[in-house]
Amino acid sequence: MAGLVSPAWADLNRLDDSTLSDISGQGGIYLSGDISINEDGGPIQNTYFGSCSDASKRCGARLAYQLKEGGGWMVLDDIRGKFSFEGLTLRVRKIDSGFGGDGALFNRDVLEIGLPNIVRYDSVTFKLATSSTARPTDPGFQQTDIFSVEMQGDVVLEGNLLVFPTGNP
């Protein structure tokens, strides 16, 4: 059986400003990827980090944040593993209504993070702790581990996370 293919022709036309102003689209960024954090350990070796083969030491990444000026530190420590996601979106959204009337008063742009449907965790571990200093190498360092987390498998995330700016740009 023989088939015939007929060529398709499309005509591209230039749009003027008035026609273009009636067209709306979607803006934003769509992200997918894998993030690996210290799956095989890190290069730093000292009295705190030590060798990754030593179970009493830590060789993962560290994230420290201070809740108020002059206060103590909350720490995610010894972060290791792999995160995979598809469909994380970023866009700017204007809030000028809702939130019990507060949106009209706010009347500004926010960053909207569209959560991906599924995040895969592959051998992810970390510790939540409090610390006297941001870095283990700072003078007077003391840390208290609150709990340890181990994650393996899929987590469903739905909805949006809104990040409200503060201060003056």
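Preceding this section is the structure that the text describes.
Residue positions within a chain follow its written sequence, with the count starting from 1. Totals for whole chains, interfaces and linings use every residue, but because this is a predicted model, local features are given only for residues with pLDDT of at least 70 and side-chain atom pairs only at 80 or more, for both listing and counting. Only heavy atoms go into the side-chain values, all of them from the structure, while hydrogens and water stay out.

Trainee: What's the story with the overall build of the protein in this structure? I'm lost.
Mentor: Secondary structure assignment for the protein yields two helices and seven strands. The numbering of helices and of strands both runs from the N terminus, where a helix is a DSSP run of H or I of at least 4 residues and a strand a run of E of at least 2. Sequence-ordered secondary structure for the protein, helices as α and strands as β, is α-β-β-β-α-β-β-β-β. Only protein chains enter the calculation, and the probe is 1.4 Å; a residue is then buried if its accessible area is under 20% of its type maximum, exposed if over 50%, and partly exposed in between. Per-residue burial over the protein gives 22% buried out of 169 residues. Here the protein has roughly 12600 Å² of accessible surface; of this, 54% comes from carbon and sulfur atoms. In this description, accessible areas are obtained by the Shrake-Rupley approach with a 1.4 Å probe, and a residue is regarded as covered only by the protein chains that are shown.

Trainee: Please clarify how the pattern of salt bridges should be interpreted in this entry.
Mentor: Once their charged atoms are close, side chains differing in charge can pair, the charge on each being opposite to the other. Salt bridge, as applied in this entry: a Lys or Arg side-chain nitrogen positioned within 4 Å of an Asp or Glu carboxyl oxygen. Taken as a whole and assessed by the stated rule, the structure comprises eight salt bridges. In this structure, aspartate 154 engages arginine 120 in a salt bridge whose closest nitrogen and oxygen atoms are separated by 3.2 Å. Of this pair, aspartate 154 sits in strand β6 (residues 143-156) while arginine 120 sits in strand β5 (residues 118-131); the two residues are 34 residues apart in sequence, bridging distant segments of the chain. By relative accessible area, which is 48% here, aspartate 154 ends up partly exposed. It is possible to trace a salt-bridge network through shared partners that takes in Asp78, Arg80 and Lys127.

Trainee: Just to check I follow, could you spell out the nonpolar core for this structure?
Mentor: The tendency in soluble globular proteins is for nonpolar side chains to be buried side by side. If you look at the biggest cluster of nonpolar residues, it comprises seven residues: Phe83, Phe85, Leu88, Ile113, Val119, Tyr121 and Val124. Counting only elements with at least two residues in this core, the list comes to β3 (73-95) and β5. Here, two residues are considered to be in contact whenever any of their heavy atoms come within 4.5 Å of each other. Setting aside chain neighbours within four positions, we find phenylalanine 83 in contact with Gly33, Asp34, Ile35, Ile37, Arg120, Tyr121 and Val124. The nonpolar core is taken to be a set of buried Ala, Val, Leu, Ile, Met, Phe, Trp, Tyr and Cys residues, with the residues joined through side-chain atoms within 4.5 Å.

Trainee: When you look at unusual backbone geometry in this model, what are you seeing that I'm missing?
Mentor: As a rule of thumb, non-glycine residues mostly have phi less than zero, and peptide bonds are mostly trans rather than cis. For aspartate 78, which is not glycine, the phi dihedral falls at a positive 55°. Owing to a relative accessible area of 5%, aspartate 78 belongs among the buried residues under this scheme. Of note, serine 123 is a non-glycine position whose phi angle comes to about 55°, a positive value. Structurally, serine 123 is set in strand β5. Classification of serine 123 as partly exposed rests on a relative accessible area of 47%.

Trainee: Would you take a moment to explain the pairing of strand β4 (residues 108-114) for this structure?
Mentor: Strand residues, when the strand is regular, have side chains that alternate between the two faces of the sheet. Any two strands are treated as partners once DSSP identifies two or more bridges connecting them. Summarising the sheet, β3 and β4 pair through seven bridges and their orientation is antiparallel. Residue pairing for β4: lysine 94 is matched across the bridge by aspartate 109. Taken together, the four bridges between β4 and strand β7 (residues 160-163) define a ladder with antiparallel strand orientation. If you follow glutamate 112 over to β7, its bridge partner there is leucine 162.

Trainee: Is there a simple way to explain the packing of aromatic side chains in this structure?
Mentor: For any pair of aromatic rings, geometry is given as the distance between the ring centres together with the angle between the planes. Only centres within 6.5 Å qualify two rings of Phe, Tyr or Trp (six-membered ring in Trp) as a pair; their planes then separate them into stacked at under 30 degrees, edge-to-face at over 60, and tilted for everything else. Summed over the entire model, instances satisfying the criterion amount to two aromatic pairs. Centroid distance phenylalanine 83 to tyrosine 121: 5.5 Å. Interplanar angle 75°. Geometry classified as edge-to-face. With a gap of 38 residues between them, phenylalanine 83 in strand β3 and tyrosine 121 in strand β5 connect regions that are remote in the sequence. Centre to centre, the rings of phenylalanine 106 and phenylalanine 164 are 5.2 Å apart; their planes meet at 75°, and the pair counts as edge-to-face. Here phenylalanine 106, found in helix α2 (residues 102-106), pairs with phenylalanine 164, found in the segment after β7; they are 58 residues apart in sequence, far enough to count as distant. In this structure phenylalanine 106 comes out as partly exposed when scored by relative accessible area, which is 22%. Take phenylalanine 164: its relative accessible area is 39%, and that puts it in the partly exposed class.

That is the geometry; function is a separate question.
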